[in-house]
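# Results of the structural survey
Here is how the chains run, residue by residue.
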Amino acid sequence: MFYFAFKSVVLVPLLRWLFRPRVEGLQHVPPTGAAIIAGNHLSFSDHFMMPVMVKRRISFLAKQEYFTVPGLKGRLTAAFFRGIGAIPVDRSGKQAAQAAVDTALGVLERGELLGIYPEGTRSHDGRLYKGKVGVATMALASGAPVIPCAMIGTFEAQPTGRRLPRLVPITIRFGEPLDFSRYAGMHDQRAVLRAVTDEIMYAILKLSEQEYVDTYAAEAKAALHAVRPPAGPPAGPTGGGRTWGARPVADPAHRARGGGASAAA
């Protein structure tokens with residue numbers, strides 16, 4: 001009840017008035033039944049921009065820290081995430097990862113919509129990064145179709161580190177459902193999970209038209225911080241460090257067809 005009240009009274013009027021978001025392919029979201037909406041993740045704004053445009057409730061898995069911050073700010077943050085349908089999950093360790101999968105499967109077993117960002121974290125530079133196989137595990141274990149979704153403009157509106165979003169055009173684009181019933185019973189095979197995940201990421205790529213990077217977003221962020229020169233005077237005669245970008249995939253369609261299935265992640 002709180003979800004629909006918060007969404008209808010607060011989010012929908014406010015965001016539609018401020019941003020006038022454009023929606024494409026909304027007919028691909030089923031009116032009933034379980035489905036996974038898998039999208040790119042560019043901004044904190046993604047958490048509410050996309051759910052506003054879908055009439056049905058979308059339950060997102062969100063890190064537990066959003067719900068445990070002390071004080072008034074923490075309570076408001078927790079209330080906000082509950083208001084947008086977020087479900088807290090512990091992301092520390094393998095047991096926590098399994099708990100997240102179990103929570104997601106519970107949502108799908110109830111015939112609801114599950115929202116997930118396969119990249120696992122926000123893109124720090126606007127590019128699309130390699131997907132984690134959790135989305136494939138959920139799709140194959142549940143039998144639910146996957147609806148690819150692309151958020152366009154949210155990175156420009158609110159990149160990582162920006163508190164308030166800029167008023168820029170936003171587009172939410174949904175693609176045709178992906179059916180993975182041909183892999184039924186194979187959700188414990190790593191190569192299959194990798195192939196399914198790559199197919200999902202390629203579908204998102206076609207919708208978003210981002211540059212694709214064959215590296216996990218978290219690893220790319222860690223590498224960027226590792227090579228960033230420390231603040232202060234230059235350490236050597238050249239006076240700087242060197243940053244390394246991840247290698248883009250030349251033909252992401254090859255990966256989506258299963259060409260990257262043997263690459264363990």
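A quick note: this is a predicted structure, and the numbers were derived from the prediction, not measured. (Residues numbered from 1 in each chain as written. Predicted model: local features only at pLDDT ≥ 70, side-chain atom pairs only at ≥ 80, totals over all residues. Heavy atoms only, no water.)

### Observations regarding the overall build of the chain
Counting secondary structure elements, the chain contains nine helices and nine strands. Here the chain holds 265 residues, and 47% of them are scored as buried. Nonlocal contacts in the chain, meaning residues at least 24 apart in sequence, comprise 79% of its contacts between residues at least 6 apart. Summed over its atoms, the accessible surface of the chain is roughly 13600 Å², and 57% of this surface lies on carbon and sulfur atoms. (Helix = DSSP H or I, 4+ residues; strand = E, 2+ residues; numbered from the N terminus. Buried < 20%, exposed > 50% of the residue type's maximum accessible area, 1.4 Å probe, protein only. Contact = heavy atoms within 4.5 Å. Areas by Shrake-Rupley, 256 points an atom, 1.4 Å probe, with all protein chains shown as cover.)

### Re the nonpolar core
Counting residues in hydrophobic clusters, the biggest one holds 31 residues, and the most contacted among them are Ile36, Val146, Phe180, Val196 and Ile200. At the level of elements, strand E2 (35-39), helix H4 (94-109), strand E5 (113-116), helix H5 (134-142) and helix H7 (190-208) are the ones that each hand at least two residues to this core. If one sorts the elements of this core by residue count, H7 sits on top with eight residues. If sequence neighbours within four positions are ignored, valine 196 has contacts with Ala136, Leu140, Phe180 and Tyr183. In terms of nonpolar packing, the next biggest core, distinct from the first, is built from 27 residues, Ile58, Ala86, Cys149 and Ile170 among them. (Core = buried A, V, L, I, M, F, W, Y, C linked by side-chain atoms within 4.5 Å.)

### Structural notes on the side chain of threonine 154
Summarising the element assignment, threonine 154 is placed in helix H6 (residues 154-157). Those residues within four positions of threonine 154 in sequence are excluded, and the remaining contacts are Leu42, Ser43, Asp46, Met49, Pro159 and Ile170.

### Describing the packing of aromatic side chains
Applying the stated criterion across every chain, the model contains one aromatic pair. Where phenylalanine 60 meets tyrosine 117, the ring centres are 5.5 Å apart and the plane angle is 20 degrees; that geometry is what we call stacked. Taken together, the positions of phenylalanine 60 in strand E3 (residues 58-63) and tyrosine 117 in the loop between E5 and strand E6 (128-129) put the pair 57 residues apart, joining distant regions of the chain. For the pair phenylalanine 60 and tyrosine 117, a shared accessibility class is recorded, and that class is buried. (Phe/Tyr/Trp six-rings, centres within 6.5 Å; stacked < 30°, edge-to-face > 60°.)

### Things to note about the pattern of salt bridges
For the coordinates displayed, the defined rule picks out seven salt bridges. Between arginine 173 and glutamate 24 there is a salt bridge whose closest N-O contact spans 2.7 Å. Within this pair, whereas arginine 173 is found in strand E8 (residues 171-174), its partner glutamate 24 is found in strand E1 (residues 22-24), the two being separated by 149 residues in sequence. Between aspartate 125 and arginine 127 there is a salt bridge whose closest N-O contact spans 3.0 Å. When its relative accessible area of 28% is taken as the criterion, aspartate 125 is described as partly exposed. Several salt bridges share partner residues, and in doing so they unite Arg22, Glu24 and Arg173 into one network. (Salt bridge = Lys/Arg side-chain N within 4 Å of Asp/Glu carboxyl O.)

### Focus on the side chain of threonine 197
For threonine 197, the position within the fold is in helix H7. Residue threonine 197 is classed as buried on the basis of its relative accessible area, which comes to 0%. A polar contact of 2.7 Å, which involves the side chain of threonine 197, links it to the backbone oxygen of leucine 193. (Polar contact = N/O pair within 3.5 Å; in protein donor to acceptor, adjacent residues only side chain to side chain.)

### Comments concerning the pairing of E3
Bridging between E3 and E5 involves three bridges; their strand directions are parallel. Each bridged residue has a counterpart across the sheet, and for phenylalanine 60 the counterpart in E5 is glycine 115. (Pairing = 2+ DSSP bridges.)

### Thoughts on unusual backbone geometry
Of note, the phi angle at glutamate 209 is positive, near 60 degrees, even though the residue is not glycine. With respect to the helices, strands and loops of the structure, glutamate 209 is situated in the loop between H7 and strand E9 (212-213). Residue classification places glutamate 209 among the exposed residues on the basis of a relative accessible area of 67%.

### Things to note about H7
Compared with the 27 Å implied by 1.5 Å per residue over 19 residues, the 27 Å span of H7 between its first and last C-alpha is a close match. The buried count for H7 comes to 14 of 19 residues, which makes it a mostly enclosed element. (Expected span 1.5 Å × (residues − 1).)

### Quick word on the sheet that holds E5
Spatially, E1-E8-E7-E2-E5-E3-E4 is the arrangement adopted by the seven strands of the open sheet, whose pairing is mixed. Looking along the sheet, the strands with just one partner apiece sit at the ends: E1 and strand E4 (86-89). Strand after strand, the sheet turns through a mean of 25 degrees between neighbouring axes, direction not considered. Pairing analysis gives four bridges linking E2 to strand E7 (residues 146-152), with the strands arranged parallel. Across the sheet, residue alanine 38 finds its bridge partner in E7, namely proline 148. Sheet strands touched by H5: E2, E3, E5 and E7. Its angle to E2, the strand with the most contacts, is close to 165 degrees. (Axes fitted to C-alpha atoms, helices over the stretch in contact; angles between N-to-C directions.)

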